[in-house]
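# Analysis of the macromolecular model
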Amino acid sequence: MCGFKHGPDGRFFQPKGDSQVNSKDLMQVATQRELDLFRQPEPNDVPLDLIRKQPGPGAAFTMACSSSGLADQTIYEFVGIDAGTFSKIKKGLATLQADLLNKFCYAVNNRIYPEWCAYQLGCTLVQIQSEAERQLAIEREARKDAELKLSVLMETFRVRTAA
């Protein structure tokens, strides 16, 4: 027997006293977090000279936020900081914690703020290539070189056959 009773209209009913509300699985569902629904904006980098002209970290942070086109609330909720801290960062009265920098850059889809910070140290950011990307770049260069040699050879062959 399956434990369910068959009702007169053809539906199955749970035995009396057994309900989904009393289920042991309810606690697992109640403690699950809601999924973060976030849509990353299009890449929105600005020229380096414009970033470097920003007078302070608040201005660079504000530029990164405004160039993304996202509402401030969307950004700070995704990054995981409160509105007051976000406002202080924009005013230059606080700084973004280093462990939140990656999440912030993902949210605004630019590297304006860390690029400004790097410039303050006399540096610039360079994207690290993976080994696969490095090998791919080498292969592309080799292919271009081979295509150039082939085209020169073919042109030489055409000239000799025409003469």
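Residues numbered from 1 in each chain as written. Predicted model: local features only at pLDDT ≥ 70, side-chain atom pairs only at ≥ 80, totals over all residues. Heavy atoms only, no water.

### Notes on the overall build of the chain
If you tally the helices and strands in the chain, you get eight helices and two strands. Reading the helices (α) and strands (β) of the chain from amino to carboxyl end gives β-β-α-α-α-α-α-α-α-α. Contacts in the chain between residues at least 24 apart in sequence constitute 59% of all its contacts with a sequence separation of at least 6. In the structure as shown, the chain presents an accessible area of about 12,800 Å², 57% of it carried by carbon and sulfur atoms. (Helix = DSSP H or I, 4+ residues; strand = E, 2+ residues; numbered from the N terminus. Contact = heavy atoms within 4.5 Å. Areas by Shrake-Rupley, 256 points an atom, 1.4 Å probe, with all protein chains shown as cover.)

### Points about the nonpolar core
Core analysis: the largest hydrophobic core is formed by 24 residues, its most contacted members being Phe 61, Ile 75, Val 79, Ile 81, Leu 96 and Phe 104. Looking at this core, the elements that each hand over two or more residues are helix H3 (57–68), helix H4 (72–79), helix H5 (83–91), helix H6 (101–108) and helix H7 (112–120). Here the element with the most residues in this core is H3; it accounts for five residues. What Val 79 contacts, discounting residues up to four positions off in sequence, is Leu 96, Leu 100, Lys 103, Phe 104 and Ala 107. (Core = buried A, V, L, I, M, F, W, Y, C linked by side-chain atoms within 4.5 Å. Buried < 20%, exposed > 50% of the residue type's maximum accessible area, 1.4 Å probe, protein only.)

### Points about the pattern of salt bridges
When the charged atoms of two side chains lie near each other, side chains of opposite charge can form a pair. A complete count under the given rule lists five salt bridges for this structure. Here Glu 147 makes a salt bridge to Arg 143, at a shortest N to O gap of 3.3 Å. Here the residue Glu 147 and the residue Arg 143 both occupy positions in helix H8 (residues 131–162), the gap between them amounting to four residues, near one helical turn. For Glu 147, a relative accessible area of 44% gives the class partly exposed. Here Arg 158 ties to Glu 155 by a salt bridge, and the two come within 3.4 Å at their closest N and O atoms. Of this pair, Arg 158 and Glu 155 both sit in helix H8, three residues apart, which is roughly one turn of that helix. Glu 155 gets classed as partly exposed once you look at its relative accessible area, which sits at 42%. (Salt bridge = Lys/Arg side-chain N within 4 Å of Asp/Glu carboxyl O.)

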